[in-house]
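Coordinate inspection notes
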Amino acid sequence: MESIIKGFMDLVKQRNQHEPEFLQAVEEVAETVIPYIVDHDIYYGKNILLRMVEPERVLMFRVPWIDDTGEIVVNRGFRIEMNSAIGPYKGGLRFHPTVNLSILKFLAFEQVLKNALTTLPMGGGKGGSDFDPKEKSDGEIMRFCQSFMSELFRHIGPNTDIPAGDIGVGGREIGYLFGMYKKLRNEFTGVLTGKGMSWGGSLIRPEATGYGTVYFAQSMLETRNDSFEGKVVTISGSGNVAQYAAEKTIQLGAKVVTLSDSGGYIYDEEGINTEKLEFVMDLKNNKRGRISEYVSKYPNAKYVAGERPWGVKCDIALPCATQNEVNLDDAKKLLANGCFVISEGANMPSEPEAVHAFQDAKILYAPGKASNAGGVATSGLEMSQNSLRIVWTREEVDQRLRKIMSNIHKNCIKYGKQDNGYVDYVRGANIAGFVKVADAMLAQGVV
Ligand code: NDP
């Protein structure tokens, strides 16, 4: 088996040199899915995984715009249309200086399996730019978004490709992107998700990824007759996913003690309660400030610059910032401190060695493609509401989100439960997602 996996990875490596994040994501899937393929004749010998790791289309384009000083700036725009076997391409846009082909291909590949897991008819895609929204004026953000959309609009549409937000792309950016699309196409359609409530958005969409991550952790805890009540929880990030993961965690009676950003983390031993979280939301979403400012307002807390929060003692950890933010050392610290639940809000936040350490320790570990699928699932619900031209209530959307997360959890158990009872959620998520996409691809022929 090892030689089959190695042979496959050698080929993928040769074709995708200089794309470490993409190769990391593919290898993690190959390790679990190839043994399954070998055991199942309907998939064996069809090069199905090899077809899946090749994007259907990669778009790369120039994004020129003028900054507030009159300088012409050139950024690079991307859209990876990875797989449309089960529905139109769907996945977020990331605006961050680290964005490159490798990162977007890893995200698009993960998105294909994640979207399949939601049971909704959505293919996978991802896009973005190396544009850095930090410290830009609203005018600069708008001009950049308009330039970005003046190329992207040709390639997307409500039945073709429906982008959403990701790091650096929130409600403000989606608004500017949608406005430009509408102007260029002269039509009002559900081409982007994460829209504002008065122009086609869905209730609970902003909360969905964070809430879903916590719902998934809740399902995992239930397998051990346990709950969030009274637990100590560390969270990384302080953006969209982290904020709502914290909100739901607090609602469920647990104590959130950390949040972070790329500068460092804050540790509030007394707990970040609702009032403190409101301060963080205002600081990050309206004032566009830094998490370090938390300690000026709440001096009992401490700020640790340049570090991640994984050395803080906790029962549950929710990594909600970015990829590869939990390495083997971090994993060892978490385990040594008694952490026994990891539910990933971010995409691929744990390095492979960290994942193996969690699995070896037999703790409850959920990979992002399962635990953070609530965001894209609710985007799917936004698309349904747009097509039906109706708006569901908060309770209706939340109910559907809970149901979807619970079904994803069941599917992970179906394919991931081992003979000794331990659930390998990585294997479960990869195989469940793979089977759905592979079956559709086989039915549709070699295209
Ligand atoms: P935001 O831009 O709202 O927030 C990102 C947060 O992560 C910020 O606190 C940011 O800090 C921090 N961060 C970003 N890059 C780094 C870095 N290199 N090192 C340390 N911290 C960093 O993004 P989201 O909350 O939307 O996304 C967070 C994660 O969740 C990403 O992995 C994304 O792909 C994933 N995700 C998001 C979904 C969504 O619906 N939004 C859906 C599914 C997954 P700073 O402000 O300093 O940059």
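Predicted model only: the values in this text are computed from it and were never measured.

**Some details on the overall build of the protein**
Assigned secondary structure in the protein consists of 16 helices and 12 strands. The C-alpha atoms of the protein give 21 Å as radius of gyration, which agrees with the globular expectation for 447 residues (22 Å, within 12%). For the C-alpha atoms alone, the extent of the protein along its principal axes is close to 60 × 50 × 45 Å. Residues classed as buried in the protein amount to 56% of the 447 residues present. Across the protein, the fraction of contacts at a sequence separation of at least 24, relative to all contacts at a separation of at least 6, is 70%. In the form shown here, the protein has an accessible surface area of approximately 18,200 Å², with 49% of it arising from carbon and sulfur atoms.

**Considerations on unusual backbone geometry**
The backbone of Asn 225 sits at a positive phi, close to 50°, despite the residue not being glycine. Take Asn 225: it is sitting in the loop between α7 (205-222) and β6 (232-235). Taking the relative accessible area as the measure of exposure, Asn 225 reaches 75% and is therefore exposed. The phi dihedral of Asn 324 is positive, around 50°, even though this residue is not glycine. Structurally, Asn 324 can be placed in the loop between β10 (316-318) and α11 (328-336).

**Some details on α11**
Burial in α11 covers these residues: Asp 330, Ala 331 and Leu 334. In an axial view of α11, the angular spread of the buried residues amounts to 100°, which keeps them on one side of the axis. The N-cap residue of α11 is Asn 327: its side-chain oxygen and the backbone nitrogen of Asp 329 are 3.1 Å apart. Following α11 by one or two positions, Gly 338 adopts a phi angle in the positive range, close to 95°.

**Regarding the domain arrangement of the protein**
On domain assignment, one finds that the protein holds domain 1 (57-187) and domain 2 (208-366). The interface is formed by 10 residues belonging to domain 1 together with eight residues belonging to domain 2. When residues of domain 1 are sorted by the area they lose upon contact with domain 2, Phe 106, Lys 134 and Arg 172 head the list and together hold 48% of the total. At the surface where domain 1 touches domain 2, the tally comes to zero salt bridges. Put simply, domain 1 and domain 2 have two residue pairs in polar contact (both at pLDDT 80 or more) between them. The greatest single-element share of the side of domain 1 that touches domain 2, amounting to four residues, is contributed by helix α4 (residues 101-117). Residue composition of the side of domain 1 that touches domain 2, grouped by class: four nonpolar, no polar and six charged.

**Focus: α4**
In this model, α4 (17 residues) spans 24 Å end to end at C-alpha, consistent with the 24 Å of a helix rising 1.5 Å per residue. Taking burial as the measure, the 17 residues of α4 include 16 buried ones, the bulk of the element. Two to three positions downstream of the cap, the backbone nitrogen of Ser 102 sits 3.1 Å from a side-chain oxygen, assigning the N-cap of α4 to Asn 100. Positioned one or two residues after α4, Thr 119 has a phi angle of 70°, which is positive.

**A word on the packing of α7 against helix α8 (residues 240-251)**
In a packed pair of helices, the relevant descriptors are the angle between the two axes and the axis-to-axis distance. One way to put it is that α7 packs onto α8 with a least axis distance of 7 Å and a crossing angle of 50°. Taken as axis vectors, α7 and α8 run oblique relative to one another. The element α7 and its partner α8 pack so that their crossing is right-handed. Contacts from Pro 206, Glu 207, Thr 209, Gly 210, Tyr 211, Val 214 and Tyr 215 in α7 reach Asn 240, Val 241, Tyr 244, Ala 245, Glu 247, Lys 248, Thr 249 and Gln 251 in α8. Split by residue class, the contact of α7 with α8 holds seven nonpolar, five polar and three charged.

What counts as what
Residues numbered from 1 in each chain as written. Predicted model: local features only at pLDDT ≥ 70, side-chain atom pairs only at ≥ 80, totals over all residues. Heavy atoms only, no water. Helix = DSSP H or I, 4+ residues; strand = E, 2+ residues; numbered from the N terminus. Rg over C-alpha atoms; globule rule 2.2 N^0.38 Å. Buried < 20%, exposed > 50% of the residue type's maximum accessible area, 1.4 Å probe, protein only. Contact = heavy atoms within 4.5 Å. Areas by Shrake-Rupley, 256 points an atom, 1.4 Å probe, with all protein chains shown as cover. Arc of directions from axis to C-beta. Polar contact = N/O pair within 3.5 Å; in protein donor to acceptor, adjacent residues only side chain to side chain. Domains from an automatic or database assignment. Buried area = accessible area lost by both parts, 1.4 Å probe. Salt bridge = Lys/Arg side-chain N within 4 Å of Asp/Glu carboxyl O. Nonpolar A, V, L, I, M, F, W, Y, C, P; charged D, E, K, R; others polar. Expected span 1.5 Å × (residues − 1). Axes fitted to C-alpha atoms, helices over the stretch in contact; angles between N-to-C directions. Parallel < 35°, antiparallel > 145°, perpendicular 65-115°, else oblique. Left-handed = near helix turned anticlockwise from the far one by under 90°.

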